[in-house]
Amino acid sequence: MDATIIFMAITYASELTLLSIGFTLTYLTAKIPNFAHGTYAGFGIYVSYTFAKFFGINPYLGFPIAFLIGGLLSIIIYKLVISTLTKMGSGSIVLTIATLAIQIFLGALLNIYAYMFIAFYKQYATAFLLKDYDFKIGEVSGIFFVSIGISITTVIILHYLLTRTKMGIAMRATAEDPELASVLGININNVQLFSWFLTGGLASLAGAMIPFWLLSSPMTGSGIITSIMAGSLLGGFESVYGAIIGGFTIGLSEVLLTLAGQLLLGNWFGEYRPLIPMAFLIAVLLIEPRGIQGFYERVMRRRTKSAPKQSENKEEEK
Amino acid sequence: MYVNVALGILSSLPMAIEGTNRLIVDIAMFFGLLVIVAMALNFQYGNAGIPNMGCAVQVIIGAFSVSAVVLRIMFTVIASSGVPLQDWNDPYNWVYSSPFNVGLSNEFIKTNAPIAIGFFLLSIGIALTLGAAIGYLLALPAIRLRATYLMIVLITMADASQIIGRNVTFISGGTLGVWIPNVFAWYPGDFGVIMAVITLLIGLICFFIFRTMLNSPYGRLMRSMRENEVTLGSIGKNVVGIRRNILMFASGITAIAGVINVYYLQFSNESGYQRAYWTYWPWLMLILGGPGNNAGTFLGAALIIALRRLIIVFKFELQPFFFFPIPYLEDIILGGLLVIVMIFRPSGLIPEKLLYIPGVNYAKMVQEDVKVDWRAAPKARAKKGSKEEKK
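Residues numbered from 1 in each chain as written. Chains lettered and ligands numbered in written order. Predicted model: local features only at pLDDT ≥ 70, side-chain atom pairs only at ≥ 80, totals over all residues.

**Details of the overall build of chain A**
- Counting its regular elements, chain A contains 13 helices and two strands.
- For chain A, whose C-alpha radius of gyration is 21 Å, the value lies close to the compact-globule estimate of 20 Å for 318 residues.
- Principal-axis analysis of the C-alpha atoms gives chain A an extent of 85 × 55 × 35 Å.
- Among the 318 residues that make up chain A, the fraction classed as buried is 47%. (Helix = DSSP H or I, 4+ residues; strand = E, 2+ residues; numbered from the N terminus. Rg over C-alpha atoms; globule rule 2.2 N^0.38 Å. Buried ≥ 20, exposed ≤ 12 C-beta atoms within 10 Å, placed from the backbone.)

**A closer look at the overall build of chain B**
- Within chain B one finds 18 helices and two strands.
- Within the span of chain B, comprising 391 residues, buried residues form 42% of the whole.
- Taking the intrachain contacts of chain B between residues at least 6 apart in sequence as the baseline, contacts between residues at least 24 apart amount to 78%. (Contact = placed C-beta atoms within 7 Å.)

**Details of helix α3 (residues 55-80) of chain B**
All names here are of chain B.
- End to end, α3 covers 37 Å across 26 residues, agreeing with the expected 38 Å (1.5 Å per residue, within 8%).
- A maximum bend of about 40 degrees is found in α3 at V70.
- A large share of α3 lies buried, amounting to 19 of its 26 residues.
- Of the residues flanking the end of α3, it is G82, one or two places downstream, whose phi is positive at about 100 degrees. (Expected span 1.5 Å × (residues − 1). Bend = angle between axes of the 7 residues up to and from the residue.)

**Observations regarding unusual backbone geometry**
- Of note in this structure, K122(A) is not a glycine but carries a positive phi near 55 degrees.
- In this structure K122(A) comes out as exposed when scored by C-beta crowding, with 7 C-beta atoms within 10 Å.
- Non-glycine residue Q266(B) carries a positive phi angle of around 55 degrees.
- In this fold, Q266(B) is placed in the loop between α12 (239-265) and β2 (267-268).
- Judged by the 17 C-beta atoms lying within 10 Å of it, Q266(B) is partly exposed.

**Description of the confidence of the model for chain B**
All names here are of chain B.
- Averaged over all residues, the pLDDT of chain B equals 83, while 86% of them reach at least 70.
- Across chain B, α12 holds the top mean pLDDT of 91, while helix α18 (residues 377-390) sits lowest at 50.
- Interface confidence for the predicted complex, expressed as ipTM, amounts to 0.85; the pTM equals 0.86. (pLDDT = per-residue confidence, 0-100.)

**With respect to the interface of chain B and chain A**
- Contacts between the two partners involve 31 residues from chain B and, on the opposite side, 36 residues from chain A.
- Elements with a minimum of two residues in the side of chain B that touches chain A: α6 (113-142), α7 (147-167), α13 (275-289) and α16 (326-344) of chain B.
- Among the elements that make up the side of chain B that touches chain A, the one with the highest residue count is α7(B) (eleven residues).
- Residue classes in the side of chain B that touches chain A are distributed as 24 nonpolar, five polar and two charged. (Nonpolar A, V, L, I, M, F, W, Y, C, P; charged D, E, K, R; others polar.)

**Comments concerning the packing of helix α5 (residues 142-164) of chain A against helix α8 (residues 188-209) of chain A**
Residues and elements named next belong to chain A.
- Taken N-terminus to C-terminus, the directions of α5 and α8 make an angle of 170 degrees; their axes are 11 Å apart at the nearest point. The pairing of α5 with α8 is recorded here as roughly antiparallel in orientation. As for the relative orientation of α5 and α8, their crossing is left-handed in sense. For the pair formed by α5 and α8, the contact residues are I143, V146, S147, I150 and T154 on the first element and L202, L205 and M209 on the second.
- Across the contact of α5 with α8, the residue classes break down as six nonpolar, two polar and no charged. (Axes fitted to C-alpha atoms, helices over the stretch in contact; angles between N-to-C directions. Parallel < 35°, antiparallel > 145°, perpendicular 65-115°, else oblique. Left-handed = near helix turned anticlockwise from the far one by under 90°.)

**Let's talk about the packing of α3(B) against α12(B)**
Residues and elements named next belong to chain B.
- Axis separation between α3 and α12 bottoms out at 7 Å; the angle between their running directions is 55 degrees. Taken together, the axis directions place α3 and α12 in an arrangement best described as oblique. Handedness of the α3/α12 crossing: right-handed. Residues C55, Q58, V59, I60, I61, G62, A63, S65, V66 and S67 of α3 lie in contact with α12, whose contacting residues are S251, T254, A255, I256, A257, G258, V259, N261 and V262.
- Per-class residue counts for the contact of α3 with α12 are eleven nonpolar, eight polar and no charged.

**Examining helix α3 (residues 63-87) of chain A**
Residue and element names in this part refer to chain A.
- Along its 25 residues, α3 runs 34 Å from first to last C-alpha, staying within 8% of the 36 Å computed at 1.5 Å per residue.
- At Y78, α3 shows its largest kink, close to 45 degrees.
- Listing the buried residues of α3 in full gives A66, F67, I69, G70, G71, L73, S74, I77, Y78, V81 and I82.
- Residue G89 follows α3 closely and has a positive phi angle near 85 degrees.

**Here's the deal with the environment of Y124(A)**
- Among the secondary structure elements, Y124(A) is positioned in the loop between α4 (92-121) and β1 (136-137).
- Y124(A) sits in the exposed class, given 10 other C-beta atoms within 10 Å.

**Observations regarding the confidence of the model for chain A**
- For chain A, mean pLDDT is 86; residues scoring 70 or higher make up 96% of the total.
- Note that pLDDT drops below 50 for residues 314-318 of chain A; the model gives that stretch zero contacts with residues more than four away or on any other chain.

**As for the environment of S253(A)**
- Positionally, S253(A) belongs in helix α11 (residues 240-265).
- With 240 residues separating them along the chain, S253(A) and A13(A) place their C-alpha atoms 8.6 Å apart.

**Some points on the environment of G272(B)**
Residue and element names in this part refer to chain B.
- Mapped onto the secondary structure, G272 falls in the loop between β2 and α13.
- The class of G272 is partly exposed, set by 19 C-beta atoms lying within 10 Å.
- Once the C-alpha coordinates of G272 and N261 are considered, the two residues, eleven residues apart in sequence, prove to be 9.7 Å apart.

Right, here's the structure in full:
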């Protein structure tokens, strides 16, 4: 029983990793926390639903479609709202509120989509689980291998993209300083479009994996946003590699700490599960606001500084 | 129609408040309620530039302070005056004897108006204090950092307070909720009318407090902080302290809205304080009306509340045309509205005007434009700009 929960924790953690990477990428390129990011995952959830229950195909085949739909949705949002508002010179606060509005809008769209199945096809779509459509290797359900495989592949591809390809280097340059990047001949618009496509696609892909192990509803995606933000913040908010560690840590600890709390303190602790990422969030802000990235940089700086400092002291002693 | 409403308020006849009149009273009530939140938000974001995404937390604190603190005081006072109330001390009785106790309390309040008014004022005082305290606590982790962090902390705290309220029965009865005595049971007329009048009165008082503060030197300090924090810090002002003070003050005012909401519903439960409702709507009102001026906030609140109440009232007439529940239509309309307003009218329906301070002659202070009347400055500036273009 415990082993199942650990597999589930790793599944959740790898999905949260994908979501945190996307959240961080959005923050890097557009400098706003995208509150609608969790709702992209909701679209992935309903792609899986449509494939499994409506078309009757294996929902694993819907993953590329989920990636594409999430990416296109993200591009549409960027083109219609974020890009327009940025061109008008709106500040980051206004943009963030716009993402809040988008979250409510998209959440309502998802609900309407779910009710469409109820109204026209007599299928109950507002709460569902796709465990029956999953395959099994031994005792372990297939989603464990698939989710961890997809997240590791994504991390490797992303690392390759960001360090070896022209597009990735352009993305990093744009994140550092958009004006300087445009002076160097980088088409910022294309870079932004690409990164928004990537974030939306990754979020939707992560969402498509959720209904295999969690009872999903239209609001599941937007409910997960706190964990995503905590993961991104733990990773330092401005570092993709930090987000990988942060997202995985938050996902793992959310499930395992709840389990530990339930075993030690009693079953009532399960109700407080959403508070765990919030506690992480506050702890990170109080202790090290720049998260793992800031901690890493501080340690590295100390290590590089320690050598010349000693020599200076020696000179003073002389 | 209006005569009826006026008559209803004056002679307090329940007969007068029916049909369309009931709708008007309802809209007035919710306008008063949300305009308090929106004005406090305008005070924070429109004038001081603090993006408070946690209005829901402050409202929920006001609501919880009534059910967790004032209700116990109320029961203690009423029980000590000889009313045979049932036990309310352990969590089980706290929920299950609540309807019975509240019924007896209402009977008691009918004959003891001054005590009831005292309870109402006490709950407002407690809400102010607790709201300010929660403002301080919320500011603690993120106020020194970037605005983004503050937004994230506040938006998560809204969810956290709901989860705590749901699971700690002691606060507001957990998932079942607790009943709240009607503090206006002594009023012979319609409950909705007196509640709307009281709410609008409190809203008016809040408006005058905010207006006075904005026209004071502190208001100018706030505006300068909104425009440029670094400059303000460099001339020796404590930016973090100012920001914290403003957040605390506005949190206290916002908590009053929670108190009024609880007394209006006569019921306290966490489920009514969703982030989407109590955070998003005030923001929508603020952006629609135009951040930075109170007139805009009033207009925005009136439009949104009227739209929303009309959708709710005509829900059953609208429902046959849609295959999905009407609240989602509401979400789509209002979610889209914010984005549309942001794109097509970025400064809102009523843009912010230049600050006019009586007794200060800017004309003398600014040597370059000596003859400018600063009350009409935007117009003058626009004219000058057009002339230059023509040349």
